[in-house]
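Each chain, written out:
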Amino acid sequence: MPFQPIEAPKCPRCGKSVYAAEERLAGGYVFHKNCFKCGMCNKSLDSTNCTEHERELYCKTCHGRKFGPKGYGFGTGAGTLSMDNGQQFLRENGDGPSVRNGARLEPRAIARAPEGEGCPRCGGYVYAAEQMLARGRGWHKECFKCGSCKKGLDSILCCEAPDKNIYCKGCYAKKFGPKGYGYGQGGGALQSDCYAHDDGAPQIRAAIDVDKIQARPGEGCPRCGGMVYAAEQKLSKGREWHKKCFNCKDCHKTLDSINASDGPDRDVYCRTCYGKKWGPHGYGFACGSGFLQTDGLTEDQISANRPFYAADTTSIKAREGEGCPRCGGAVFAAEQQLSKGKMWHKKCYNCTDCKRPLDSMLACDGPDGDIYCKACYGKHFGPKGFGYGHAPTLVSTSGESTIQFPDGGPLNGARTSGGCPRCGFAVFAAEQMISKSRIWHKRCFYCSDCRKSLDSTNLNDGPDGDIYCKACYGRNYGTKGCGYGIGAGALTTF
């Protein structure tokens, strides 16, 4: 019996036998090492970038060009999903597929599946490696695109429509979403299509008659009297309003729980209209707040319109020395203002000169028992004379000085031997300044010549037991003569 060698497998690329020393495996087929190249670009392949399709080898880029999804937007940022369809590999005249390295650029043959089992778009079999799921059925990856704009979809962008097709979110909204002016502003998935499909646009009434179902007296909406259901109710002072009726009575501005104000006439207003109708009026009110505006009404009109009146603080008199220092009326807790242990009416708590309303920051108690603003207090009781009053609260109105003790000496006490070297009075810890183990008053701690106030940085003790600033010390006790003191302020030449 003649010897019959074992038949070696054939290479799909060249059709010759492949031996073990040179074989390469891909897709269950055996290739020569020299044939293990891309069928389109002839690039050498390995196990990491090899893709087999119908007994032919491709690199991932060429496989995507030939068999991947096409269209505008595919492949942005991904090299394997590009818009290139491989036209550069066709013949120059472009009249059919060409053959290059044994790879024929032919359209893909689709195996038809039984009715209702294949891809809903093309009807072919869908294998596990390429299936995309929607509506409980498997789709080819290249068929999984919008039925209107042909945009490629994924599990996030896909919308299943009632016509058993799939769409992107924008096309789904245009075809099946709500229509009409105002829809979709700020949301890309809800766009107004201007009734491009009038038959599919929902018929929405422009106005809803909320008072069609009337409630029993006193139980319905205060504005229209209709029945108010839970889905549309708005609450104000325990009363239920329709959402449509919950607006300002005067300007008809839509209200919510933040800007609604209940008026004494049991209706609702916005803050601005409430302030105009019921708030305080007159020159100066509402400066800086928009809902309290002055509208030029007279005092009689104000009293007739608002549900309160100008209170007379003297109508209830207090006992002598217990009432308001300004008017003498009784001061109740809701209106009291405190100043130096005295209780004032809020209305009376103003400057006795300029009548400016005061608070705890602006009020100044005068020695006459009255209260002033800071400016008026400075005019009456502050220091006077040239140079005083550089601050707005201390202004000079005359040349008279109001300083009762200009020398700053103590009011009482006896002189002691261990007291201040300048005035002789005792020095307490709260005001002491130390120099050469001697204790001085803070007011006495100044230069003996120029009266300049001193501290630890410019103090100089003289041999006569007094204290000087640096300039006066150098002038009195520094080195004298031509050339001394040049460049040094404490050593000047006379």
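The record in UniProt for the protein chain states the following under Subcellular location (unreviewed entry): "Nucleus".

Some points on the packing of aromatic side chains
Tallied over the entire structure, the rule returns 13 aromatic pairs. When the ring of F31 is compared with that of F36, the centres are 6.1 Å apart and the planes differ by 65 degrees; the resulting orientation is edge-to-face. Side by side, F31 and F36 carry an identical accessibility label, which is buried. Measuring from ring centre to ring centre gives 6.1 Å for W344 and Y349, while their planes differ by 70 degrees; the resulting arrangement is edge-to-face. Assessed through its relative accessible area of 1%, W344 is described here as buried. Linked through ring pairs, Y167, Y172 and F176 together constitute an aromatic cluster. The ring of Y446 carries R422 above its face, with NZ or CZ at 4.4 Å from the centroid.

As for the nonpolar core
Core analysis: the largest hydrophobic core is formed by 15 residues, its most contacted members being F31, F36, C38, L45 and L57. Listed by contribution, the elements that provide at least two residues to this core are β2 (29-32), β4 (56-59) and α1 (60-67). No other element matches the three residues that β4 contributes to this core. Those residues in contact with F36, other than ones at most four positions away along the chain, are R24, L25, A26, F31, S44, L45, D46, C50 and L57. In this structure, C122, W139, C146 and C171 belong to the second largest nonpolar core, which totals 14 residues.

Some points on unusual backbone geometry
We note that H252 has phi near 60 degrees; this positive angle belongs to a residue other than glycine. Residue placement: H252 occurs in the loop between β12 (239-242) and β13 (261-262). With a relative accessible area of 56%, H252 lands in the exposed category. Backbone geometry at K355 places phi at a positive 60 degrees, although glycine is not the residue there. Counting through the fold element by element, K355 comes out in the loop between β16 (342-345) and β17 (364-365). A relative accessible area of 51% places K355 in the exposed class.

A word on the pattern of salt bridges
Scanning the model with the defined rule gives eight salt bridges in all. Two residues, E56 and R13, come together in a salt bridge whose shortest N-O distance is 2.5 Å. Note that E56 is positioned in strand β4 and R13 in the segment before β1 (23-26), a separation of 43 residues in sequence. Residue classification places E56 among the buried positions, given a relative accessible area of 8%. We classify R13 as buried; its relative accessible area is 17%. Put simply, R319 and E322 hold a salt bridge, and the shortest N to O gap is 3.2 Å. Take R319: its relative accessible area is 62%, and that puts it in the exposed class.

A look at the side chain of D466
Position of D466 among the secondary structure elements: in the loop between β21 (460-461) and β22 (467-468). Among the polar contacts listed, one links the side chain of D466 to the side chain of S448, at a separation of 3.1 Å. With residues near it in sequence (within four places) discarded, D466 still touches R422, R438, W440, S448, N460 and D461.

Criteria and cut-off values
Residues numbered from 1 in each chain as written. Predicted model: local features only at pLDDT ≥ 70, side-chain atom pairs only at ≥ 80, totals over all residues. Heavy atoms only, no water. UniProt positions renumbered as here; feature names shortened; annotations may be inferred. Phe/Tyr/Trp six-rings, centres within 6.5 Å; stacked < 30°, edge-to-face > 60°. Buried < 20%, exposed > 50% of the residue type's maximum accessible area, 1.4 Å probe, protein only. Lys NZ or Arg CZ within 6 Å of the ring centre and 35° of its normal. Core = buried A, V, L, I, M, F, W, Y, C linked by side-chain atoms within 4.5 Å. Helix = DSSP H or I, 4+ residues; strand = E, 2+ residues; numbered from the N terminus. Contact = heavy atoms within 4.5 Å. Salt bridge = Lys/Arg side-chain N within 4 Å of Asp/Glu carboxyl O. Polar contact = N/O pair within 3.5 Å; in protein donor to acceptor, adjacent residues only side chain to side chain.

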